[in-house]
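Chain by chain, the residues:
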Amino acid sequence: MYIDPHAHMVSRTTDDYEAMAAAGVVALIEPAFWVGQPRTFVGTYVDYLSSLVGWERFRAGQFGIRHYCTIGLNSKEANNEALAEGVMEWLPRFAMKEGVVAIGEIGYDEQTPLEEKYFRAQLALAKELALPVMVHTPHRDKKRGTSRSMDVCEEMGLDPSWVVIDHNNEETVRETLDRGYWAGFSIYPSTKMGNARMVELLRHYGGDRIIVDSACDWGISDCLGVAKTARLALASGIDAQVVRQVTYANALCVYGKSGQIHESDWLDPPEIDQRTLYEGNSILRGGREPRIEHPRQAADDLLID
Ligand SMILES: [Zn+2]
């Protein structure tokens, strides 16, 4: 039983949902982010946020996966000031919706003054709404960007135990943990972190405050990153309790502070009924037979092997 606490499902197919469910993913968190193509209207951004709390949540449920999201203005689009100002006005309304477990993913991309401005504004919003924060750390100049992200969180008065610093690597993890934050790791082919490297990190650091995610999106990525890492870790002799912490329990603990994600959501789930419609739309095509079933009893499946 796994949680993937960072998955951009709007860019993924129904095959991915089926594969994730079959691999044991019971819940996932979809952070608001950029979508490849820069948005030029506030309205397109608002509709994207609506899809995270609406259609995508419904779509995941049609495959027996509980869907949560984080709401935020990403660092890249923070550099379009007109767009950013408009989006900021909408964020409080979305952040209070059902299933929103954090403000995120926010932080730095190129570490510009505008990124800094909207990062700080959103940290203030998270504090005001008593929501956890998911921080995206930059791919370029990562070490400095990660330290600076934590500096800013502290300057804004955030409690590190409410903040997940994501996309860590071997260079950043020590400082992230020492300063009291949760350390997310995105298992991303060839760029961020492979899962064999992740297993070595678990061997060295154990499971406290470490979180594994797939960060699957529209680029080359693997929606089974969490499940494959769990299996590789167990096969490599990592303690089952540590594996459970980093692929399930830790994400539930930190994002659970929102009051919007509970284990009972998937231990006692609603039925899968693919006859259900969302705003008149179905995931079915043509004469396809709808799947109608009570999901497998995940509660019996606590052991990860
Ligand atoms: Zn992401």
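The notes below deal with the structure included here. (Residues numbered from 1 in each chain as written. Predicted model: local features only at pLDDT ≥ 70, side-chain atom pairs only at ≥ 80, totals over all residues. Heavy atoms only, no water.)

**Some details on the environment of tyrosine 181**
Topologically, tyrosine 181 is positioned in the loop between helix 7 (173-178) and strand 7 (182-186). Distance from tyrosine 181 to glycine 24, taken between C-alpha atoms, is 27 Å for residues 157 residues apart in sequence. (Helix = DSSP H or I, 4+ residues; strand = E, 2+ residues; numbered from the N terminus.)

**Here we look at the packing of helix 9 (residues 225-235) against helix 10 (residues 240-255)**
At a closest axis distance of 10 Å, the pairing of helix 9 and helix 10 adopts a crossing angle of 165 degrees. The angle between helix 9 and helix 10 falls in the class roughly antiparallel. Seen from above, helix 9 lies across helix 10 with right-handed handedness. Where helix 9 abuts helix 10, its residues Val226, Ala230, Ala233 and Leu234 lie against Ala240, Val243 and Thr247. Residues that form the contact of helix 9 with helix 10 fall into these classes: six nonpolar, one polar and no charged. (Axes fitted to C-alpha atoms, helices over the stretch in contact; angles between N-to-C directions. Parallel < 35°, antiparallel > 145°, perpendicular 65-115°, else oblique. Left-handed = near helix turned anticlockwise from the far one by under 90°. Contact = heavy atoms within 4.5 Å. Nonpolar A, V, L, I, M, F, W, Y, C, P; charged D, E, K, R; others polar.)

**Considering helix 1 (residues 14-23)**
For helix 1, the complete set of buried residues consists of Asp16, Tyr17, Met20, Ala21 and Ala23. Mapping the buried residues of helix 1 onto a view down its axis gives an arc of 165 degrees, with all of them on the same face. For helix 1, the exposed residues lying more than 90 degrees away from the buried face are Asp15 and Ala22. Of the surrounding secondary structure, the elements contacted by the buried residues of helix 1 are strand 1 (2-4), strand 2 (25-31), helix 3 (55-61), strand 3 (66-71) and helix 9. (Buried < 20%, exposed > 50% of the residue type's maximum accessible area, 1.4 Å probe, protein only. Arc of directions from axis to C-beta.)

**Remarks on the nonpolar core**
Ranked by internal contacts, the top residues of the largest apolar core, which has 39 residues, are Leu49 and Leu73. Residues within four places of leucine 73 in sequence aside, it is in contact with Tyr45, Ala78, Ala84, Val87, Met88, Leu91, Glu105, Ile106, Tyr118 and Gln122. Judged by nonpolar contacts, the second largest core, of 37 residues, contains Ala7, Leu224, Val226 and Ala233. (Core = buried A, V, L, I, M, F, W, Y, C linked by side-chain atoms within 4.5 Å.)

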